[in-house]
Amino acid sequence: MRRPIIAGNWKMYNTPSKTRALIDELKPQIAGSRAEVVVCPPFVCLPAAKEALEGTDIKLGAQDVYWDNEGAYTGEVSPEMLKEVGVEYVIIGHSERRQYFNETDETVNKKTLFAIKNCLIPIVCVGETLTQREQGITMELVGKQITIGLTGLNGVDPEKLVIAYEPVWAIGTGKTASSRDADEVIRFIRQVIGKMFTCEFADKVRILYGGSVKADNAAELMNMPDIDGGLVGGASLKAKEFSRIVNF
Ligand code: PGA
């Protein structure tokens, strides 16, 4: 049985004090949830978030990570740094990073391997643009992102890896993939992972859906057989809305 994960991607929103306030508001509303909850604030908000999360089961995630633990890499943040402030999860290869910051399948792979080696759980994001969907190449594209992004992960504990399927055209647009379409792509991702590793591995790995998840569509999406939770952007910044998603 795969325990669902609901992860909030807080993107570049909120200062440390506002992050703390959001967590304080959220905590009582999601206590005892069936889903595992992860919140991913910006780097500088991580210590404040960790303090605010004290005594809860809510996990802390970062939004990116570098593939080395130290060095002359201006602006980058290492797994070791993240772990010391209490981070357990890290989003890798989000479409906004692919689109605006030159993230490629190859850098996603380096980051994923290094994160796992350093005991962080990566949430590896894949997904097609609207043009790619219209061209009918969704599966081909997503298959390639998975194949390159997860190269070399043989022998990894499947519970220490999370995938998020996020169609780019559904992110922040209010357009959600239909639960059937999302489930179909996610089932395909599971097949690709099964071929790369083993069926047992593929059965255990959790694959989330992301892209305009809201309180009103969460239950339908999360109840699909292959969807194991959600990566939530905009709706995770409002405590009431996010807690309704968590308690879907
Ligand atoms: P959204 O973002 O929920 O605002 O569409 C999802 C994401 O970017 O992970």
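The shown structure was predicted, so the numbers you read here are calculated from the model rather than taken from an experiment. (Residues numbered from 1 in each chain as written. Predicted model: local features only at pLDDT ≥ 70, side-chain atom pairs only at ≥ 80, totals over all residues. Heavy atoms only, no water.)

### Remarks on helix α7 (residues 138-149)
Rules: Put simply, DSSP H or I for four residues or longer makes a helix, DSSP E for two residues or longer makes a strand, and each gets a number counted from the N terminus. How far a helix is expected to stretch is found by multiplying one less than its residue total by 1.5 Å. Between buried and exposed lies partly exposed: a residue is buried under 20% and exposed over 50% of the maximum accessible area for its type, with that area taken using a 1.4 Å probe on protein chains only.
Between the first and last C-alpha of α7 there are 16 Å, a value that for 12 residues agrees with the 16 Å anticipated at 1.5 Å per step. Listing the buried residues of α7 in full gives Thr138, Leu141, Val142, Gly143, Gln145, Ile146 and Gly149.

### Comments concerning the sheet that holds strand β5 (residues 121-126)
Adjacent strands of a sheet form backbone hydrogen bonds with each other and so pair up, either parallel or antiparallel. Rules: The criterion for strand pairing is that DSSP finds at least two bridges linking the strands in question. Every axis in this analysis is a line fitted to C-alpha atoms, fitted for helices over the stretch in contact. Angles between the N-to-C directions lie between 0 and 180 degrees.
With parallel pairing, the 8 strands of this closed barrel are ordered in space as β1-β2-β3-β4-β5-β6-β7-β8. On average, adjacent strands in this sheet sit at an angle of 25° to one another, irrespective of strand direction. Relative to strand β8 (residues 229-232), strand β1 (residues 5-9) runs parallel, the two being bridged by 4 bridges. By the bridge assignment for β8, alanine 7 is matched with leucine 231.

### Digging into the pairing of β1
We apply this condition: Crossover handedness is defined by viewing with both strands directed away from the observer: a clockwise path from the first strand over the helix to the second marks the crossover as right-handed.
Along β1, 5 of the 5 residues are buried, which leaves the element largely enclosed by surrounding structure. On β1, burial covers both faces: Ile5, Ala7 and Asn9 on one face and Ile6 and Gly8 on the other are all buried. Strand direction decides the pairing type here: β1 and strand β2 (residues 36-40), joined by 5 bridges, are parallel. From the neighbouring strand, isoleucine 6 faces β2, where its bridge partner is valine 37. In terms of handedness, the path from β1 via helix α1 (residues 16-30) over to β2 forms a crossover that is right-handed.

### Details of the pattern of salt bridges
What counts is decided by this rule: Think of a salt bridge as a Lys or Arg side-chain nitrogen and an Asp or Glu carboxyl oxygen that are within 4 Å of each other.
In the structure shown here, the tally under the stated rule is 19 salt bridges. When the shortest N-O distance is used, the salt bridge between lysine 11 and glutamate 96 registers 2.8 Å. A residue pair is termed long-range when its members are at least 10 positions apart, and lysine 11 in the loop between β1 and α1 and glutamate 96 in helix α4 (residues 95-100) qualify at 85 residues. Overall, glutamate 96 belongs to the partly exposed group, its relative accessible area being 23%. Note that arginine 190 and aspartate 226 form a salt bridge whose closest N and O atoms lie 2.6 Å from each other. Placement of arginine 190 in helix α8 (residues 179-196) and of aspartate 226 in the loop between α10 (215-222) and β8 is noted, with a sequence separation of 36 residues between them.

### A closer look at α1
Because the α-helix completes a turn every 3.6 residues, residues three or four places apart line up on one side. Quick note on the threshold: Working definition: the arc comes from the directions between the helix axis and the C-beta atoms, pointing outward to the latter. Contact criterion: two residues are considered in contact whenever any of their non-hydrogen atoms come within 4.5 Å of each other.
Its 15 residues place the ends of α1 21 Å apart at the C-alpha level, agreeing with the 21 Å of an ideal helix rising 1.5 Å per residue. Within the sequence span of α1, burial applies to Thr19, Leu22, Ile23, Leu26 and Ile30. Down the axis of α1, the sector holding all buried residues measures 100°, keeping them to one side. Exposed positions of α1 whose direction lies more than 90 degrees from the buried face are Ser17 and Pro28. Of the surrounding elements, those touching the buried residues of α1 are β2, α2 (46-53) and α11 (239-246). Positive backbone phi, approximately 75°, marks glycine 32, located one or two places after α1.

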